[in-house]
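Here's the letter readout for the chains.
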Amino acid sequence: MTLHSPLPHESTAPWSGRVDPPRSAPAGDTPRLSLDGTWGFRLLAGVPGSPGGHGVLPHGEAPADFAQPGYAPSSAAGWGELPVPAHWVLEGDGAHGRPIYTNVQFPFPVDPPHVPDENPTGDYRREVDVPEAWAESGRVLLRFDGVESFFTVWVNGVEVGSASGSRLAHEYDVTDAVRPGANTVAVRVVQWSAASYLEDQDQWWLPGIFRDVTLLHRPVGALDDVWLDADFDPATQDGVLVPEVRADDAAYPVRLRVPELGVDVVWASPEDVAPVAVGAVEPWSAEEPNLYDATVASAGETVTLRVGFRRVEIVGDRLLVNGRRVTFSGVNRHETHPDRGRVFDEQHARRDLAQMKQHNVNAIRTSHYPPHPGLLDLADELGLWVILETDLETHGFEAGGWVGNPSDDPRWRDAYLDRVRRTVERDKNHPSIVLWSLGNESGTGSNLAAMAEWVHHRDPSRPVHYEGDYAGEYTDVYSRMYSTVPETESIGRDDVLSPLLGCSVADSARQRSKPFLLCEYAHAMGNGPGALDQYRELVDTHPRLHGGFIWEWRDHGIRTTTPDGTPYFAYGGDFGEVVHDGNFVMDGMVLSDDTPSPGLTEFWHVERPVVVRPVDGPASGSVEIWNRRHTADTADLVLRWRVEHDGEVVASGEDGASVAAGERAVAGLLDPASLPEASRGAEAFLTVELALRETASWADAGHVVARDQWALPTPAAVRAPRRAGVALADAPVAFRGPELVNLAGADVSAPRVELWRAPTDNDQGAAMGSYDVGDPTAMPWRGMPAPPVADRWRRQGLDRLTHRTVAVEQTADRLRVLRRVSAAQSRASIAVEETWTAERSASGVVEAVLRVVMTPDDRWDDVWPRIGVHLALPTDVDGAGWFGLGPHDSYPDVRGSVVVGRHRAGIDDLSVPYARPQESGHRSEVRELVLERGGRPWAGVTLGRDARGRLPGFTLARHSAHELAAAAHPHELPEPSSHHLYVDAAQHGLGSRACGPDVWPTAMLRPQARTLELRWRAL
């Protein structure tokens, strides 16, 4: 038996050969050649030269033959073309394999550092002409900004090295391999390698050269690296540049210039390089991203940097930037695009970050790797705090109790340190980066501690973050993901000593002495997440809490088509993966096509930078303006207000009061005596909006950054006289026996009591326990273990209700029907009383009045998704207008961003096309509803309050709840035979249990008796 020596792609060493030390890459004036474009490409089934790679090459071809200048690629040998940068699985419509999605699972056996023989391997080659002058002096580097996952490089047939670290930059010294004129560059990329065990992030596995490839000439006297650490003193408002220049003696003298600050310094030798006091500066922050153009010039090169002065420090349990506590209204951002995968596009990235800013996102955690450096340039420019994460996650080891986890294995030490070095060195000049993160979900161990020690030594100006350091042994901030509201509150309080996750009591006390942030919370999968307002209230109450980062920014859907050409966004399993994690990759607040979800709008409201509230009662005309910003006052905003009576504007105005960052001020907004008096029984609301006064780099003038609304008192309604009854035959309804068959001249189905909704992703999750069977405020704060609520609904039979008519009473002016609603093999039931009458309104219009009383018996023992009635309508019912909460949908725990008003939307805008069809579109607290056919009003409904003053809501959709629940993708929904109206007395909340807490108890719908009163009229 022959034991083979370790294979290069199975080595734990991070690189081999002529790989240069990591460095930043500021814009410089030295020559460079982009190698982006079309390359020759072939895909092999395994790694040539490996024991399991026999037969993957054409007969007679040696493993490195393809790298030789004289090699002739042919289609017979599998050669074609592929763009660079790109992922080969996203090119050629499956000709080069398909993407694989896993969240935690490894898509190969867990046998570190080994990987299977079945290992897709891409061979790339191209020609490049090197100028004659490059060979005369200096060095030539070949830079790869991102290759997944292990790659070997040849130049003119000479192997120059290998490396791994997919989202990290590598530069090869190819000086001795290149020659003037034509040169052959060849790259072999192996999909699975030892490095794959360190790159188990929750995303698609997408192999290939997916970032830029550049050939660089480094002349004699060039600058090998430059770091301008721009410090800011909040006490004096002065800045100091702390330079670090890495260059040979031939580069000197070196000159630093910052023209706007009058800085012009020359260093004659390395020993002369020293800090430069620059006097008063405008500091950089996410709200005021002030940047100064700087140049550093040597004998052989001039580089340009954009410098932002700021100071990050921890004082006690506060994380301060420029002397002020920072609050992260953040999101986790993967690099993902439905067509390009992780290939960077600057215009799309700019739109992406502008959309963040427009929705009051002020921070990014780069989950879970360094992004393309162009993204950080945009963060510097537009203004976003950044937690920059190292390309590291070993989550797949958790299922085995972390046995064999590289984080505590000395054999992997160099790989861990190389990853954090490449992260820090590449991006150290970006002022937007305020924390370094060691990685994500990699357990804990000595290698992570070594990373933290290296970062602390290399860059003391930024704290170190890593969520998996539960006990706080080597990190500077306390970080958690998906801690519940009660546990988060306990972290913020000084009078609590209860043990925290993975901590002794003493460890817990240590962690409570640090700044705390939620590196992930409020899992935004499908419809949701709920309870954002509860988390923000804690952040505003407890200074130790510094906000958090929603999981996550956008869905990862890949645009593809069905066999018949129907387009859709694919998720795990859609490409036939052996193991996958389904639609767990569709968990963003932005859909795959860049559409913002209602959850993002809720975030916009909860994280609004300015809060306006009434002072001395809602009708005083005075308001408190609370500026929650870190740096900026409100001078850039205009405050606009309006008063509405029953949804109609009766008064409006503007105010321009300026409030300093972090301060509160009281302002007289309006004179209540000047307002028109509301009629008796009318509803009055005051709405206040703050909008950009002028166009910003991320939004146009007039963009609304904050909105608040509250009710105003109005004269009490006079008790209305009983309306005169008329014959039911005069109303716009028709019946066949006890069943409604026609409404306002159109055929409809009878209203049926409905308890079922198409389960949301959170309804189908069980990441944490139930809050309905245990006290959520009791340790360990995660609820009692319980199946997903959708499973419990099905157990109750809510998806298969049957109706039995018990009794019918019919006269000329009334139809009364008693029904029993239940499910097969269930004794639980609901007694339903439907009463139809007709009344003539004050305007003379005859209305059909439906009163539905729904009374459950005591056998129901679990929460319901909804309680209401369902009507099937003609398919030409295509929109609605309503007076109630809007404009988007709302649920008991997601309703801060909606306002009472008169709204309108077409039927396709009344629901959300989530990647997996599910419940959406519920509009709450509706007073009036107008249904449209062909864009014209058809039928009107007045929705009455119940005895406790509660208003119902409605959903209008092309598909029923049952049709939605049966489909895995939108294109699987059937052609509608009816459109569907649901009028709900109540709905269950949303929560974020797909990967977080259950619905908070106050937002749950327990079995209860409810009454609906609906007045129908023809229009």
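Predicted model only: the values in this text are computed from it and were never measured. (Residues numbered from 1 in each chain as written. Predicted model: local features only at pLDDT ≥ 70, side-chain atom pairs only at ≥ 80, totals over all residues. Heavy atoms only, no water.)

With respect to the nonpolar core
And step 1. Membership of the largest hydrophobic core comes to 68 residues, with the highest contact counts inside it found for Leu929, Trp938, Leu956 and Trp1016.
And step 2. Not counting residues within four places of it along the chain, the set of residues in contact with leucine 956 comprises Leu873, Val877, Gly879, Ala880, Ile907, Leu910, Leu931, His980 and Leu981.
And step 3. Counting 64 residues, the second-largest nonpolar core is a separate cluster that includes Val424, Ala452, Tyr478 and Cys503. (Core = buried A, V, L, I, M, F, W, Y, C linked by side-chain atoms within 4.5 Å. Buried < 20%, exposed > 50% of the residue type's maximum accessible area, 1.4 Å probe, protein only. Contact = heavy atoms within 4.5 Å.)

Considerations on the environment of valine 361
And step 1. Among the structural elements, valine 361 can be located in the loop between α1 (346-358) and β28 (363-365).
And step 2. According to the relative accessible area criterion, valine 361 is buried, its value standing at 2%.
And step 3. Put simply, valine 361 and proline 788 are 427 residues apart on the chain and 31 Å apart in space, counted from C-alpha to C-alpha.
And step 4. When near neighbours in sequence (up to four residues on either side) are disregarded, valine 361 contacts Ser329, Gly330, Val331, Met356, Leu384, Trp553 and Phe603. (Helix = DSSP H or I, 4+ residues; strand = E, 2+ residues; numbered from the N terminus.)

Some words on the sheet that holds strand β37 (residues 610-614)
And step 1. The three strands are arranged β37-β38-β41 in an open sheet whose pairing can be described as antiparallel. Lying at the two open borders of the sheet, with one neighbouring strand each, are β37 and β41 (664-668). When strand polarity is set aside, the average angle formed by the axes of neighbouring strands in this sheet is 25 degrees.
And step 2. Both strand β38 (residues 622-627) and β41 contribute to a ladder of five bridges, which runs antiparallel. Paired with valine 623 across the two strands is alanine 667, which belongs to β41. (Pairing = 2+ DSSP bridges. Axes fitted to C-alpha atoms, helices over the stretch in contact; angles between N-to-C directions.)

Here we look at unusual backbone geometry
And step 1. Of note, the amide linkage connecting glycine 528 to proline 529 takes the cis form, showing an omega dihedral of 0 degrees.
And step 2. Note that proline 529 resides in the loop between β33 (516-521) and α7 (532-541).
And step 3. In this model, methionine 779 is joined to proline 780 through a cis peptide bond whose omega is 5 degrees.
And step 4. If you trace the backbone, proline 780 turns up in the loop between β47 (752-754) and α9 (789-796).
And step 5. The backbone of glutamate 441 sits at a positive phi, close to 45 degrees, despite the residue not being glycine.
And step 6. Position of glutamate 441 among the secondary structure elements: in the loop between β30 (433-437) and α4 (446-458).

Topic: the domain arrangement of the protein
And step 1. Taken domain by domain, the protein comprises domain 1 (8-218), domain 2 (223-313), domain 3 (348-598), domain 4 (609-712) and domain 5 (751-1018).
And step 2. For domain 1 versus domain 2, the distance between C-alpha centres works out to 36 Å.
And step 3. Counting residues at the interface gives eleven residues for domain 1, matched by eleven residues for domain 2.
And step 4. Buried surface at the junction of domain 1 and domain 2, both sides included, amounts to about 760 Å², of which 36% is carbon and sulfur.
And step 5. By the criterion of area lost to domain 2, the three top residues of domain 1 are Pro26, Asp29 and Arg218, representing 43% of everything that side buries.
And step 6. Run the count over domain 1 and domain 2 and you get one salt bridge.
And step 7. As a salt-bridge pair, glutamate 301 and arginine 218 come within 2.8 Å of each other at their nearest N and O atoms.
And step 8. Put simply, domain 1 and domain 2 have eight residue pairs in polar contact (both at pLDDT 80 or more) between them.
And step 9. Considering only residue class, the side of domain 1 that touches domain 2 consists of four nonpolar, three polar and four charged. (Domains from an automatic or database assignment. Buried area = accessible area lost by both parts, 1.4 Å probe. Salt bridge = Lys/Arg side-chain N within 4 Å of Asp/Glu carboxyl O. Polar contact = N/O pair within 3.5 Å; in protein donor to acceptor, adjacent residues only side chain to side chain. Nonpolar A, V, L, I, M, F, W, Y, C, P; charged D, E, K, R; others polar.)

Observations regarding the pairing of strand β19 (residues 254-258)
And step 1. Burial along β19 is one-sided: the residues Val254, Leu256 and Val258 are buried and none of Arg255 and Arg257 is.
And step 2. Across five bridges, β19 lies against strand β20 (residues 263-267) in antiparallel orientation. Each bridged residue has a counterpart across the sheet, and for leucine 256 the counterpart in β20 is valine 265.
And step 3. The antiparallel pairing of β19 with β20 creates a hairpin that spans four residues between the two strands, and glycine 262 there sits at a positive phi of about 70 degrees.
And step 4. Where β19 lies against strand β22 (residues 292-297), three bridges are found, and the strand directions are antiparallel. Bridge pairing links arginine 257 to threonine 295 in β22.

Here's the deal with the sheet that holds strand β55 (residues 928-933)
And step 1. Taken in spatial order, the nine strands of this open sheet run β48-β49-β50-β51-β59-β56-β55-β53-β54, and their pairing is antiparallel. A strand with exactly one partner marks an edge of an open sheet, and here the two such strands are β48 (801-811) and β54 (899-906). Adjacent strand axes in the sheet meet at a mean angle of 20 degrees, parallel and antiparallel pairs treated alike.
And step 2. Where strand β49 (residues 814-823) lies against strand β50 (residues 829-840), nine bridges are found, and the strand directions are antiparallel. What sits directly across from valine 817, in β50, is glutamate 834.

With respect to the UniProt feature "domain: Beta galactosidase small chain/" (unreviewed entry) in the protein
And step 1. With numbering matched to this structure, UniProt assigns "domain: Beta galactosidase small chain/" (unreviewed entry) to residues 725-1017.
And step 2. Along residues 725-1017 one finds 5% helix and 41% strand; the C-alpha atoms at either end are 15 Å apart. (UniProt positions renumbered as here; feature names shortened; annotations may be inferred.)

What to know about the packing of α7 against helix α8 (residues 598-606)
And step 1. Running from N to C, α7 and α8 cross one another at 25 degrees; their axes reach a closest spacing of 10 Å. On the basis of the axis angle, α7 is roughly parallel to α8. Read as a crossing pair, α7 and α8 show a hand that is right-handed. Where α7 abuts α8, its residues Leu532, Asp533 and Arg536 lie against Gly599, Glu602, Phe603 and Val606.
And step 2. Counted by class, the contact of α7 with α8 contains three nonpolar, one polar and three charged residues. (Parallel < 35°, antiparallel > 145°, perpendicular 65-115°, else oblique. Left-handed = near helix turned anticlockwise from the far one by under 90°.)

A few points about the pattern of salt bridges
Where charged atoms from two side chains of opposite charge come close, those side chains can pair.
And step 1. As enumerated under the stated definition, the model contains 81 salt bridges in all.
And step 2. For arginine 188, the salt bridge identified is with aspartate 123, shortest N-O distance 2.7 Å. Of the two residues, arginine 188 sits in strand β13 (residues 181-190) while aspartate 123 sits in strand β7 (residues 121-130), which places them 65 residues apart along the sequence.
And step 3. Classification of arginine 188 by relative accessible area gives buried; the value is 5%.
And step 4. For aspartate 123, a relative accessible area of 0% gives the class buried.
And step 5. The shortest N-O distance in the salt bridge between arginine 757 and aspartate 763 comes to 3.0 Å.
And step 6. A residue is classified by how much of its surface remains accessible, and arginine 757, at 0% relative accessible area, is buried.

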